[in-house]
Amino acid sequence: MPRSKRDKKISLTKTDRKGLAWKQQIIEDIRRCVEKYPNIFVFQVQNMRNNLLKDLRQEWKHNSRFIFGKNRIMQIGLGRTKAEEVETDLSKLSKRLTGQVGLLFTETGKKEVLEWAQNYWAVEYARSGFRATETVVLPAGPLEEFAHSMEPHLRSLGMPTKLQKGIVTLVSDYTVCEEGKVLSPEQARILKLIAKPMAKFQLTMKCSWTKTDGFELHVPDDINDDEDIADSGQGDEVDEEEEAMDQEDDSDEDEDDDE
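Bear in mind the structure is a predicted one, so any value in this text is a computation, not a measurement. (Residues numbered from 1 in each chain as written. Predicted model: local features only at pLDDT ≥ 70, side-chain atom pairs only at ≥ 80, totals over all residues. Heavy atoms only, no water.)

Asker: So, the overall build of the protein: which residues are in play, and what are the values?
Answerer: A tally of helices and strands in the protein yields eight helices and 11 strands. Every one of the 259 residues in the protein was classed for burial, and the buried ones make up 42%. Intrachain contacts of the protein at a sequence separation of at least 6 include 80% that bridge at least 24 residues. Carbon and sulfur atoms form 47% of the exposed surface of the protein, whose accessible area is close to 15000 Å². (Helix = DSSP H or I, 4+ residues; strand = E, 2+ residues; numbered from the N terminus. Buried < 20%, exposed > 50% of the residue type's maximum accessible area, 1.4 Å probe, protein only. Contact = heavy atoms within 4.5 Å. Areas by Shrake-Rupley, 256 points an atom, 1.4 Å probe, with all protein chains shown as cover.)

See below:
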């Protein structure tokens, strides 16, 4: 008997898309942080990793708050125009919320934060699309760090391997990647398997605003501070138009759950 088209399995694991209430909550959180913390920084992320950002949140939670969310939502929280801004010159911070950026609200002094950001970095494995920082060549011979069960997987990634007496063996020299060339998903996977990190997770402080010194630019740009961000005419509210804006910038990622 043919299977009925009505006989379909429905997964209950799918979650609802974050809606307007969640976005309004982020805006309110930002405005509470403006009142609570004396210093605000716009930071840019290189080689974003959620686990490392969570570690930073944990490390700084005693006197700071990281917010990494939709740029349009964060702009509304700070104020996109001089008329909307919560404090004088916060709209200048909003203009710098482009690309993969976030907000750091902190009680730590500006000088200390800038010195910390300049010296902080963490090594991570590169992902596909990353340009290799060096050429990696694996010589022919046994790869004893891999279990015999890994051989088919390594072969599927393009490595010339076979089993010799139960040991995974490269039958010829294999160039994993070349310096300056973009990594493919297979190359990125191999680099991780052979424990060869290439990327660095870093934060760059683009600009800051403090209650004592006001706005200061730390990375030069060509943004005109005399022009306001285009006003949607909705003031403090987030309407259905913001839902469409979520798709505009691939670098605007969903915010990790704040602690």
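On we go from here.
Asker: Could you give me a rundown of the environment of L53, with the residues and numbers involved?
Answerer: Following the sequence through the fold, L53 ends up in helix α2 (residues 50-60). It is 8.6 Å that separates the C-alpha atoms of L53 and F66, two residues lying 13 residues apart in sequence.

Asker: Hey, could you go over the packing of aromatic side chains for me, with residue numbers and the actual values?
Answerer: As enumerated under the stated definition, the model contains seven aromatic pairs in all. Geometrically, the ring pair formed by F43 and F68 is stacked, given 6.3 Å between the ring centres and 20° between the ring planes. Highlighted residues: F43 in strand β1 (residues 39-46) and F68 in the loop between β2 (64-67) and α3 (71-78), separated in sequence by 25 residues. With a relative accessible area of 2%, F68 lands in the buried category. Here the aromatic residues F43, W60, F66, F68, W116, Y120 and F201 are joined through ring pairs into a cluster of three or more. Its guanidinium or amino end placed over the ring of W121, K200 lies 4.2 Å from that ring's centre, counting from NZ or CZ. (Phe/Tyr/Trp six-rings, centres within 6.5 Å; stacked < 30°, edge-to-face > 60°. Lys NZ or Arg CZ within 6 Å of the ring centre and 35° of its normal.)

Asker: Kindly report on the nonpolar core, identifying the contributing residues and their values.
Answerer: Among the nonpolar cores identified, the biggest contains 22 residues, and I30, I40, L78, L93, L103 and F105 are the most heavily contacted of them. Of all the secondary-structure elements, those providing two or more residues to this core are α1 (20-36), β1, α3, α4 (90-95), β3 (101-106) and β10 (199-210). Considering every element that reaches this core, the biggest residue donor is α1, with five residues. Excluding its chain neighbours within four sequence positions, the residues that come into contact with L93 are I40, V42, L78, C207, S208, W209 and F215. Judged by nonpolar contacts, the second largest core, of 20 residues, contains F146, L157, L191 and M198. (Core = buried A, V, L, I, M, F, W, Y, C linked by side-chain atoms within 4.5 Å.)

Asker: Please provide a residue-by-residue account of the pattern of salt bridges, values included.
Answerer: A pair can form between side chains of opposite charge whenever their charged atoms are brought close. In the structure shown here, the tally under the stated rule is 11 salt bridges. One salt bridge connects E84 with R80, and the closest N-O pair in it is separated by 3.4 Å. What you see here is one network of salt bridges that share partners, running through D29, R32 and R65. (Salt bridge = Lys/Arg side-chain N within 4 Å of Asp/Glu carboxyl O.)

Asker: Please set out the packing of α1 against α3 residue by residue, giving values where relevant.
Answerer: In the contact formed by α1 and α3, the axes pass within 8 Å of each other and the chain directions differ by 45°. The orientation of α1 relative to α3 falls into the category oblique. Helix-helix and strand crossings are classified by hand; for α1 and α3 the assignment is right-handed. Within the contact between the two elements, α1 uses K23, I26, I27, I30, R31 and V34 and α3 uses I73, M74, I76, G77 and L78. Residues that form the contact of α1 with α3 fall into these classes: eight nonpolar, one polar and two charged. (Axes fitted to C-alpha atoms, helices over the stretch in contact; angles between N-to-C directions. Parallel < 35°, antiparallel > 145°, perpendicular 65-115°, else oblique. Left-handed = near helix turned anticlockwise from the far one by under 90°. Nonpolar A, V, L, I, M, F, W, Y, C, P; charged D, E, K, R; others polar.)

Asker: Describe the pairing of β1, naming the residues involved and giving the relevant values.
Answerer: Most of β1 is tucked away, with six of its eight residues classed as buried. Bridge count for β1 against β3 is six bridges, and the pairing is antiparallel. Across the sheet, F41 pairs through a bridge with L104, a residue of β3. In this sheet, β10 lies alongside β1 in antiparallel orientation, the contact comprising eight bridges. Residue V45 lies in a different strand from β10, and its bridge partner there is L203. (Pairing = 2+ DSSP bridges.)

Asker: Describe unusual backbone geometry, with residues and values.
Answerer: Trans peptide bonds make up most of the peptide bonds, and negative phi angles are found at most residues other than glycine. Residues other than glycine seldom take positive phi values, yet D89 does so here, at roughly 75°. In this fold, D89 is placed in the loop between α3 and α4. With a phi close to 55°, A195 is a non-glycine residue in the positive phi region. Assignment of secondary structure puts A195 in the loop between α7 (185-193) and β10.

Without other data, these values stay purely geometric and don't point to any function.
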